[in-house]
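Chain by chain, the residues:
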Amino acid sequence: MIDLTNQMSYRISNLDVENERISYQMSTGKILDDGSDDAVLYSKVIDIESNLRTYEGLETQIERTTAQNEVADSSINEVKNTLDAIKVDLLKSLNSGMSRDDRVAVAKNMEGMRDNLYSLMNTQIDDEFIFAGSNTTIQSYEKDEDFKINGQIDFKGNGHLRSIAVEPNTYRERGVSAYDVLMYNTDTTEVDNAISFTEQETVLDEYGNTWKLNDTKDRLEKYNENGTKSQYVDSAGNLHDEYLEVTSDGGTPATYTSETLEDASNADPKHISDKTASGLLLETKHNTFDDLNIMINALYGYSTKQTDDDTNGQKDQIIDDESVREILADSLEKMSNQFDATNVGHSELGGRNRIFETSLDSISSKVTHYNILLQETNGADMGKLAMESKALELTYNALYSTVSKMNQLSLVNFLK
């Protein structure tokens, strides 16, 4: 009798284990509860889940990037519309029949459009300034503390772009910086292998590195993305800064012209490394906000101080109508240059956007594939589980019925 009771307890215990397995699989939809259930299958499941998490993370990141790119695309469209409106107002202001009062009204409208451009270039999404370059925590443009006096608006970002993963260990550059949207080239080394610039302009290379005038104003020094000076090690193991020698024309503001790239490469020691010199392309970027300030001042009837000191950008002398028209005609040409440069930047953005859209389609397909594979590998068969659950219920009932009848077996009942 004791042996029979032990057998019944053992069978009930086995049924409890089976019930736990069926309950887990039905509630989670998974076959495995523990790696020890099936080591080989568990290893496969871990590998599939790891890949699935990787691609789901990439999918989320690319979706976010695509949303940022769409905002950038919309913002650049608005920049182009604003530049068009500025050109229209300039053409009206060039009309000889326009009075000074009319030009003042246009100036006030121009100030509004300048503010619109400032807001567009400081567009944020997910707490990132999308035109700031690689460090998107920095506001793209900032107004000078004496903005009301000098009208200066300066770019605070850089020419590098953030790299976003589109596959494991594969990255692509995202978006464009303000250098591509609201600045245009005034010179390039494509012409004569030398570069000319003023202190108010910025020199960039094809990799987005900034080249800055040093304190003694005789060198144009290369800077890395992290803000440190670029250096190279020569064959003897000596460390050298990378730079181009420059000379000033002595004007106000001064225009600086560099040595040729060949001269820099052939100097002893070299002014730039062979790696830097290979295919080096420098461009001088002009800040369109400077042009807008000169234009607005002219519409108010003033010339603008263009210097290398703190007075730069301030109103200067009252000018006659002919001088106003000369400045506005020059500004119209510069706005056309900027519109062309913005179009180029917009097309570059479109090409990068297409890369991420294609990548998103590919990543989404892989996420779907791994979800299906995971279900096929570790997915419970709900139909089979339903039948096993019903069979288990019947077995439980039968066993408990047997136990109940066994409990009724006694000498007293037998004598009855």
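Residues numbered from 1 in each chain as written. Predicted model: local features only at pLDDT ≥ 70, side-chain atom pairs only at ≥ 80, totals over all residues. Heavy atoms only, no water.

A closer look at the side chain of Asp 290
Part 1: Relative to the helices and strands, Asp 290 is located in helix 9 (residues 288–299).
Part 2: Of the side chains bearing the opposite charge, Arg 114 lies closest to the buried Asp 290, which forms no salt bridge; the N-O distance is 8.7 Å.
Part 3: Setting aside anything within four residues of it in sequence, one finds Asp 290 in contact with Gln 152 and Gln 200. (Helix = DSSP H or I, 4+ residues; strand = E, 2+ residues; numbered from the N terminus. Buried < 20%, exposed > 50% of the residue type's maximum accessible area, 1.4 Å probe, protein only. Lys, Arg positive; Asp, Glu negative; His and termini not counted. Salt bridge = Lys/Arg side-chain N within 4 Å of Asp/Glu carboxyl O. Contact = heavy atoms within 4.5 Å.)

Quick notes on the sheet that holds strand 8 (residues 196–198)
Part 1: The eight strands are arranged 7-16-9-10-11-14-15-8 in an open sheet whose pairing can be described as antiparallel. Every interior strand has two partners, whereas the edge strands, strand 7 (183–188) and strand 8, have only one. Strand-to-strand twist of the sheet, defined as the mean angle between neighbouring strand axes without regard to direction, takes the value 35 degrees.
Part 2: Alignment of strand 11 (residues 219–223) against strand 14 (residues 243–248), held across three bridges, turns out to be antiparallel. Directly across from Glu 221, in strand 14, lies its bridge partner Tyr 243.
Part 3: Packed on one face of the sheet, helix 9 meets strand 7 and strand 16 (282–287) and runs near 35 degrees to strand 16. (Pairing = 2+ DSSP bridges. Axes fitted to C-alpha atoms, helices over the stretch in contact; angles between N-to-C directions.)

Examining the nonpolar core
Part 1: The biggest cluster of nonpolar side chains holds 42 residues, and the ones touching the most others in it are Ile 86, Met 110, Tyr 141 and Met 295.
Part 2: Those elements that place two or more of their residues in this core are helix 2 (39–93), helix 3 (100–121), strand 4 (153–155), helix 5 (178–181), helix 9 and helix 10 (321–378).
Part 3: Considering each element in turn, this core owes the most residues, eight residues, to helix 3.
Part 4: Ignoring any residue separated from it by four or fewer positions in sequence, one finds Met 110 in contact with Ile 86, Asp 89, Leu 90, Met 295, Ile 296 and Leu 299.
Part 5: Grouped together as the second largest cluster of nonpolar side chains are 16 residues, Leu 58, Val 166, Ile 363 and Leu 374 included. (Core = buried A, V, L, I, M, F, W, Y, C linked by side-chain atoms within 4.5 Å.)

Topic: empty space enclosed by the protein
Part 1: Taken as a whole and assessed by the stated rule, the structure comprises one cavity of 30 Å³ or more.
Part 2: Here the largest cavity is characterised by a volume of approximately 80 Å³.
Part 3: For the largest cavity, the full set of lining residues is Gln 68, Asn 69, Ala 72, Phe 129, Ile 130, Gly 133, Thr 136, Leu 161, Arg 162, Arg 174, Gly 175 and Val 176.
Part 4: For the lining of the largest cavity, the element with the most residues is helix 2, which contributes three residues. (1 Å grid on protein atoms, 1.4 Å probe; cavity = no way out; pocket = protein on both sides within 12 Å on 5 of 7 lines; lining within 4 Å. Points joined across faces, edges and corners; volume = space filled by probe spheres on them.)

With respect to the environment of Gln 152
Part 1: The residue Gln 152 is located in the loop between helix 4 (147–150) and strand 4 in this model.
Part 2: A relative accessible area of 8% places Gln 152 in the buried class.
Part 3: Sequence-wise, Gln 152 and Phe 289 are 137 residues apart; in three dimensions their C-alpha atoms are separated by 7.3 Å.
Part 4: Excluding anything up to four places from it in sequence, Gln 152 contacts Glu 142, Lys 143, Asp 144, Phe 147, Gln 200, Asp 290, Asn 293, Asn 312 and Gly 313.

Observations concerning a negative patch on the surface
Part 1: A cluster of like negative charges, contributed by Glu 145, Asp 146, Asp 309 and Asp 310, occupies part of the molecular surface.
Part 2: A relative accessible area of 73% means that Asp 310 is categorised as exposed. (Patch = residues over 30% accessible without salt bridge, like charges linked within 9 Å, V, L, I, M, F, W, Y side chains within 5 Å. Areas by Shrake-Rupley, 256 points an atom, 1.4 Å probe, with all protein chains shown as cover. Charge placed at Lys NZ, Arg CZ, Asp CG, Glu CD.)

What about the side chain of Asn 150?
Part 1: By the secondary structure assignment, Asn 150 is in helix 4.
Part 2: On the basis of relative accessible area, Asn 150 is assigned to the buried category, the value being 5%.
Part 3: Polar contacts involving the side chain of Asn 150 include one to the side chain of Asp 144, which spans 3.2 Å.
Part 4: Once you skip the residues sitting within four places of it in the chain, Asn 150 turns out to touch Asp 144, Asn 293, Asn 312, Gly 313 and Gln 314. (Polar contact = N/O pair within 3.5 Å; in protein donor to acceptor, adjacent residues only side chain to side chain.)

Description of the packing of helix 3 against helix 9
Part 1: The geometry of helix 3 relative to helix 9 is characterised by a closest axis approach of 8 Å and an angle of 160 degrees between their N-to-C directions. Viewed along their axes, helix 3 and helix 9 adopt a mutual orientation that is roughly antiparallel. For the crossing formed where helix 3 meets helix 9, the hand is left-handed. Contacts between helix 3 and helix 9 involve Arg 103, Val 104, Val 106, Ala 107, Met 110, Glu 111, Arg 114, Leu 117 and Tyr 118 from the first element and Phe 289, Leu 292, Asn 293, Met 295, Ile 296 and Leu 299 from the second.
Part 2: Grouping the constituent residues of the contact of helix 3 with helix 9 by class yields 11 nonpolar, one polar and three charged. (Parallel < 35°, antiparallel > 145°, perpendicular 65-115°, else oblique. Left-handed = near helix turned anticlockwise from the far one by under 90°. Nonpolar A, V, L, I, M, F, W, Y, C, P; charged D, E, K, R; others polar.)

Considerations on the packing of helix 2 against helix 3
Angle between the axes and distance between the axes are the two parameters that describe a pair of packed helices.
Part 1: Contact geometry for helix 2 and helix 3: axes closest at 10 Å, N-to-C directions at 165 degrees. Classified by the angle between their axes, helix 2 and helix 3 sit roughly antiparallel to one another. In this structure, the crossing between helix 2 and helix 3 has a hand that is left-handed. Residues Ser 75, Glu 78, Val 79, Thr 82, Ala 85, Ile 86, Asp 89, Leu 90 and Ser 93 of helix 2 form the contact with helix 3, whose own contacting residues are Arg 103, Val 106, Asn 109, Met 110, Met 113, Leu 117, Leu 120 and Met 121.
Part 2: Tallied by class, the residues present in the contact of helix 2 with helix 3 amount to 10 nonpolar, four polar and three charged.

Without other data, these values stay purely geometric and don't point to any function.
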